[in-house]
Amino acid sequence: MKNNKLEEEFETIKQLLKVDVQNLRKDIFRYLHQSRLQFFEQCCPYLTTPMPYKSLVSFKLRPSFTSPVNFSIEEKIEAIDKDNEKIILHPLIDGQILPFHINQVNVNQESIMFQMGNDAGFFYIENSYMDIWVLNEEEILANELFDSLRNAHLELSFILRNRKVTQIPKIRKLHYAYLHSNEILKDQLNNLNFYHGIRLYFENDLIGIEVHQIELIVSKLDESVKKDSLSRAVNINYVPLINYQVEYAMPIRLDGSRDSFPILPDNDGMLNLLRIFSVEAYQNNQEGAGFQLIYPRMVSNSQELSYDLIRPSVEHNIKNSHIIPYNTIFGRDLSLQIKAAWFNNKPKIGNLSKFSFTTKPVESIDIQPIFFSEKEVEANINLNAMHNIQ
């Protein structure tokens, strides 16, 4: 009887130890995974983070407007998603909505001429640039046409009341705000159409002068270029938008109750953390109150207040991004304020509609295709790959 009882107790202890060992292995693997992932993100930032929803939308001015409407990356643009809910987006570029459109295209053996005008018969040029887009549902063809346009010879002619002004514009590819170069590299694998925009720079001596028409002449194209395809692919007044908001997270009070703290949006539960811009420690004691900017542990002194960022992981049941503070002195009134970029975490936003600048005299038009892209799946990086990089 005694032996049976001892065997049962031993078996119970054995099972408990087995569970402890399994939990320990999980904790060790989680630690190794997070430490390797942090190192990988330091070497190759933003390759493992999700891409926010983006959309490329065509806008037009109201017929009564004959001057362009400028916009900046700070502008908020409202849209309606497939569930009839409002989504906030921002332009990826500082740009303008032009008071004209392409109203005629002439193709011959030597060149393509794009004629631009409006219903009023005149308009004004206030800036020294114009954005051109090359769009096609077939991405490989769109990419070939885009490269052809960039390498072609371009002429801009401004038709005035009694004269014509012709210039050779300088061509620059559009560069997007908010996105890191690694994010752009990753995103181009998903949809190249968002990156088929160029900006034509010219000398603007026409401020305050009525312009009746603009002619863009594209010549010296490669013989293999399909001119008819290029003539249909060129567009103006497109705006690249991104589901991206810069907000402060909920303040985090460092009271010693836990090792890590979730980083949560302060006013919208549907937002996910994309990146951190700054972390400030706020302390209120006898010496006074004040903010101190703190940095990631990898680039901080070993004795300084610092932090590590833990990204969400389905595999490890980590729902929200967490921050782990180091070298804190608990018992003091110490809290963290985090300024960060966020994006909407709806599983599928879909193709948006009813785009509108809340403060601009513009309206959206349904021109197909309106491209959109969303990536809600977390990138999984193999530990062996991170080890090889290390």
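Everything in this summary refers to the structure shown in the same document. Quick caveat: nothing in here was measured; it's all calculated off a predicted structure.

## Quick notes on the sheet that holds strand β12 (residues 197-201)
Strand order in the open sheet made by the 4 strands is β11-β12-β8-β14, with antiparallel pairing throughout. Across the chains shown, the open sheet's two edge strands, defined by having one partner strand only, are β11 (170-173) and β14 (234-235). The pairing of strand β8 (residues 129-134) with β14 spans 2 bridges and is antiparallel. When the sheet's bridge partners are listed, W133 is paired in β14 with N235. In this fold helix α2 (residues 139-151) packs onto β8, β11 and β12, with an angle of close to 150° to the strand it touches most, β8.

## Thoughts on helix α3 (residues 181-188)
All buried positions along α3 are accounted for by N182, E183 and D187. For α3, the angular spread of the buried residues around the axis is 130°, confining them to a single face. Residues of α3 that are exposed and point more than 90 degrees away from the buried face comprise S181 and L185.

## Remarks on the packing of aromatic side chains
Under the defined criterion, the tally for this structure stands at 7 aromatic pairs. Ring centres 4.3 Å apart and planes at 35° place the aromatic pair Y178 and Y244 in the tilted group. You can see Y178 sitting in the loop between β11 and α3 and its partner Y244 sitting in the loop between β15 (238-242) and β16 (245-248), a full 66 residues away along the chain. Here the two residues Y178 and Y244 agree in accessibility, since each one is buried. Across the ring face of F194, the terminal group of K54 is positioned such that the distance to the ring centre comes to 4.5 Å. Directly above the aromatic system of Y129 lies the positively charged group of R199, at a separation of 4.1 Å from the ring centroid.

## As for the side chain of N127
Note that N127 resides in the loop between β7 (111-117) and β8. A polar side-chain atom of N127 sits 2.7 Å from a polar atom in the side chain of Q96. Every residue in contact with N127, bar those within four places of it in the chain, is listed here: P68, N70, Q96, F202 and N204.

## Thoughts on the environment of I168
Relative to the helices and strands, I168 is located in the loop between β10 (164-167) and β11. It is 6.3 Å that separates the C-alpha atoms of I168 and L154, two residues lying 14 residues apart in sequence. Aside from chain neighbours lying at most four places away, what touches I168 is H153, L154 and E155.

## A few points about the pattern of salt bridges
Should the charged atoms of two oppositely charged side chains come close, the side chains can pair. Taken as a whole and assessed by the stated rule, the structure comprises 7 salt bridges. For K86, the salt bridge goes to E78, with nearest N and O atoms at 3.7 Å. In this structure E78 comes out as partly exposed when scored by relative accessible area, which is 24%. The shortest N-O distance in the salt bridge between E183 and R275 comes to 2.2 Å. Taken together, the residues E183 in helix α3 and R275 in strand β19 (residues 271-285) connect sequence positions 92 residues apart. Across the pair, exposure class does not vary: E183 and R275 are buried alike.

What counts as what
- Residues numbered from 1 in each chain as written.
- Predicted model: local features only at pLDDT ≥ 70, side-chain atom pairs only at ≥ 80, totals over all residues.
- Heavy atoms only, no water.
- Pairing = 2+ DSSP bridges.
- Helix = DSSP H or I, 4+ residues; strand = E, 2+ residues; numbered from the N terminus.
- Contact = heavy atoms within 4.5 Å.
- Axes fitted to C-alpha atoms, helices over the stretch in contact; angles between N-to-C directions.
- Buried < 20%, exposed > 50% of the residue type's maximum accessible area, 1.4 Å probe, protein only.
- Arc of directions from axis to C-beta.
- Phe/Tyr/Trp six-rings, centres within 6.5 Å; stacked < 30°, edge-to-face > 60°.
- Lys NZ or Arg CZ within 6 Å of the ring centre and 35° of its normal.
- Polar contact = N/O pair within 3.5 Å; in protein donor to acceptor, adjacent residues only side chain to side chain.
- Salt bridge = Lys/Arg side-chain N within 4 Å of Asp/Glu carboxyl O.

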